[in-house]
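Letter by letter, the chains look like this.
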Amino acid sequence: MPVNLTANAISAINGGDVNTKPLVQVVDIKLIGSTQERYRLLLSDSLLTQHAMLATQLNDRVKSGRVRKGSVVQLIEYICSTVQDRKIIVVLNMETIVPECEIIGNPNMFNESDTMPQKSVPDRSSGSTQLTNNNNFVAQNSTRSNFSKGNNSSFQNQSNNMQNYPTMVQPPYQPPPNYKNHGAIMKNEAPARIIPIAALNPYQGRWAIKARVTAKGDLRRYNNARGDGKVFSFDLLDSDGGEIRVTCFNAVVDRFFDIIEVGKVYMISKGSLKPAQKNFNHLKNEWEIFLEATSIVDLCPDEDASIPRQQFSFRPISEIEHTENNSILDIIGIVVTVNPCVSILRKNGMETQRRILNLKDQSGRSVELTLWGDFCNREGQQLQEMVETGFFPVLAVKAGKVNDFSGKSIGTISSTQLFINPDSPEALALRDWFDRGGKDVTSQSISRDVMPGGSNNELRKTVAQIKDEGLGRSDKPDWVTVKATISFIKTDTFCYTACPLMIGDRQCNKKVTKSGNSRWLCDRCNQEFEECSYRYLLQVQIQDHNGLTWVTAFQESGEEILCLSAKELYVIKYEEQDDDRFAEIIRNCLFTEFLFRLKIKEEIYGDEQRVKITVVKADKVDYSVESRFLLDLISKVALNNGRK
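Predicted model only: the values in this text are computed from it and were never measured. (Residues numbered from 1 in each chain as written. Predicted model: local features only at pLDDT ≥ 70, side-chain atom pairs only at ≥ 80, totals over all residues. Heavy atoms only, no water.)

Q: An account of the environment of E288 is needed here, citing residue identities and associated values.
A: Turning to its location among the elements, E288 is positioned in strand β16 (residues 287–290). With 17 residues separating them in the primary sequence, E288 and G271 have C-alpha atoms 9.7 Å apart. Leave out the neighbours within four places in its chain, and E288 touches I244, R245, T247, S272, L273, K274, A276, Q277 and N281. Here T247 takes part through its side chain, which lies 2.5 Å from a polar atom of the side chain of E288. (Helix = DSSP H or I, 4+ residues; strand = E, 2+ residues; numbered from the N terminus. Contact = heavy atoms within 4.5 Å. Polar contact = N/O pair within 3.5 Å; in protein donor to acceptor, adjacent residues only side chain to side chain.)

Q: Before we move on, can you summarise the side chain of T497 with the specific residues and values?
A: Tracing the chain through its elements places T497 in strand β27 (residues 495–498). At 3.0 Å, the side chain of T497 and the backbone oxygen of V512 are in polar contact. Residues contacting T497, with those up to four places away along its chain left out, are K510, K511, V512, W520, C532, S533 and Y534.

Q: Outline the environment of I104, supporting the account with residue identities and numerical values.
A: By the secondary structure assignment, I104 is in the loop between β5 (86–98) and β6 (108–109). When the C-alpha positions of I104 and D45 are compared, they lie 8.3 Å apart, and in sequence the two are 59 residues distant.

Q: Would you mind going over the environment of V73 in detail, with residue names and values included?
A: Here V73 is to be found in strand β4 (residues 72–83). On the accessibility criterion, V73 (0% relative accessible area) is buried. For the pair V73 and M94, spaced 21 residues apart in the sequence, the C-alpha separation amounts to 6.6 Å. Residues in contact with V73, not counting those within four places in the same chain, are P22, L23, V24, V26, V67, M94, E95, T96 and I97. (Buried < 20%, exposed > 50% of the residue type's maximum accessible area, 1.4 Å probe, protein only.)

Q: I'd like a description of helix α7 (residues 379–388), backed by residues and values.
A: Within α7, burial applies to E379, G380, L383, Q384, M386 and V387. Burial along α7 is one-sided: seen end-on, the buried residues are contained in an arc of 160 degrees. Those residues of α7 hidden inside the fold are in contact with β18 (328–338), β20 (351–360), β21 (365–372), α6 (374–377), β22 (394–403) and β24 (417–420). G390 lies just past α7 and shows a positive phi near 95 degrees. (Arc of directions from axis to C-beta.)

Q: Describe the packing of aromatic side chains, with residues and values.
A: All told, the structure shown has 14 aromatic pairs when counted by the stated rule. With a centroid separation of 4.7 Å and 15 degrees between ring planes, the pair formed by F312 and F314 is classed as stacked. Feature note: the residues F494, Y534, Y570, Y574 and F582 constitute an aromatic cluster, connected by ring pairs. A cation over a ring is seen here: K274 above F290, with NZ or CZ 5.0 Å from the ring centre. Sitting over the ring of F582, K573 keeps its end group 4.6 Å from the ring centre. (Phe/Tyr/Trp six-rings, centres within 6.5 Å; stacked < 30°, edge-to-face > 60°. Lys NZ or Arg CZ within 6 Å of the ring centre and 35° of its normal.)

Q: Explain the sheet that holds strand β35 (residues 547–553) to me, and be specific about the residues and the numbers.
A: Ordered by their spatial adjacency, five strands build a closed barrel running β26-β34-β35-β37-β36, and the pairing between neighbours is mixed. Averaged over all neighbouring strand pairs, the angle between strand axes comes to 55 degrees, with direction disregarded. The pairing of strand β34 (residues 538–544) with β35 spans seven bridges and is antiparallel. Its bridge partner being in β35, V540 is matched across the sheet by V551. (Pairing = 2+ DSSP bridges. Axes fitted to C-alpha atoms, helices over the stretch in contact; angles between N-to-C directions.)

This is the structure:
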């Protein structure tokens, strides 16, 4: 079947044409982009070639092979933009006409001289407009080649075919009717074309998007070397499923902060595109819009049902076990427990609220979700009241952050959104599963290990393996369980004096010293007091059948080992000076076998790097439970050997 590419299509597109829907050939394809895959095409009309960027929503055309080198395609939606004095075609939509054929003609790369200044001359007889340029040729309205079943002619050299057709271009772009009486149209006066969010890129000079606000961040103030400032961001979603973040600074904040409402649809144009800061932006878009003084944000008064109110990409809870720390994801589950809200003192000295709840789903796993700040008293309180009445709601979490402290858990961040009993297919399916018996199904938590029982996510190691496998030397700490015996406890410094003052619901616990008037002084709280607290800081040597090592046990784990508080042991040793009783307490702990839950992390002391091993939990071995664990382990080993 012969293929005639649209004559002079490249020149026409560079001259402003957006309506011809020309036939062109893909001469080359190249994958570019680091954070997001994008394809750059080399398009040909048989005489000229020009580079084009493929919109990301069309990437699957290349991946599936529907568009490849040699394909003849029809451009449906496209624009031509100037970037750094160089024009490039942005392809928003296209159809494959011929999947593969030989390269047609001998095209040359397009340059600016190929499109000469033009002026329009009315043709009185036909009512059409003829275009003349400095080469004194006349171009009629462009015609497209038609394919018919009865055409059996073979391919001819395209350069010869061009001699049979006049050089033609599409008439210049006509402005919408409301501009017809304005006289001459200046550049950029006509409204920009609405394009999908996925097609946005810095190559476009003028664009507009129509999208719904799915999230709006708080107004934040900052201070840096350039002075004080303020910033806020909001997320957009369009009818094609494209998402992008919009950020405003300083004076622009005053213009748009009160205008933007979650759930409303807006027309946005005249913003600048910059690479997204992935440390703060979890959306799947390599660009971010920054609004400026000239930017336009118009509320669309009519509801657009084609734009969804929210877009989720839910992950089963079981997959979170293997998800990297700090990943941002969406999950949905049934709320089975809600803990009370407590106050927490952050490292910066500010107090915040925390509430922990548990979610379960059909994957047979449950996970802890930690709510921070306003989430605790807003959605958190509502969820607690529901669970207390015996109703277990469905909760969808948009943009939760994975944490690997003591197993895997999810936490809220500033961009997180919570949806209670959302109207979605996933929520309805989860509710049906739970009501039909899912509430009675036992789920294994991926957030906390059950120490004595040997759960599936418990990582058992020997003492020698800690060193042999280099545990703790990566960026993240290693968490392991070791069954070992206490062989020695240092008794000269087994505790320290701590601040007893309460900050919210937590004790300060900062180390205190005596001031000149024999009162205790806390540098953090800047207060003095008569009595201090005593907290364990035990240095313990543990060993098993193939090695020994030193570990550190703080307050809670110290009490689990010695079975009394640090203050009680301090009184026995220093106030009562009962050395025999003190020695007996220490001896009773020696050669006792424990299951130690250990946190292993390399730290720097001065100029020296050391691996620090901290006891997070210590349980005396329950030999009945431990025997069942070992029998189960033997069964698994035998089963694996049988499969081999």
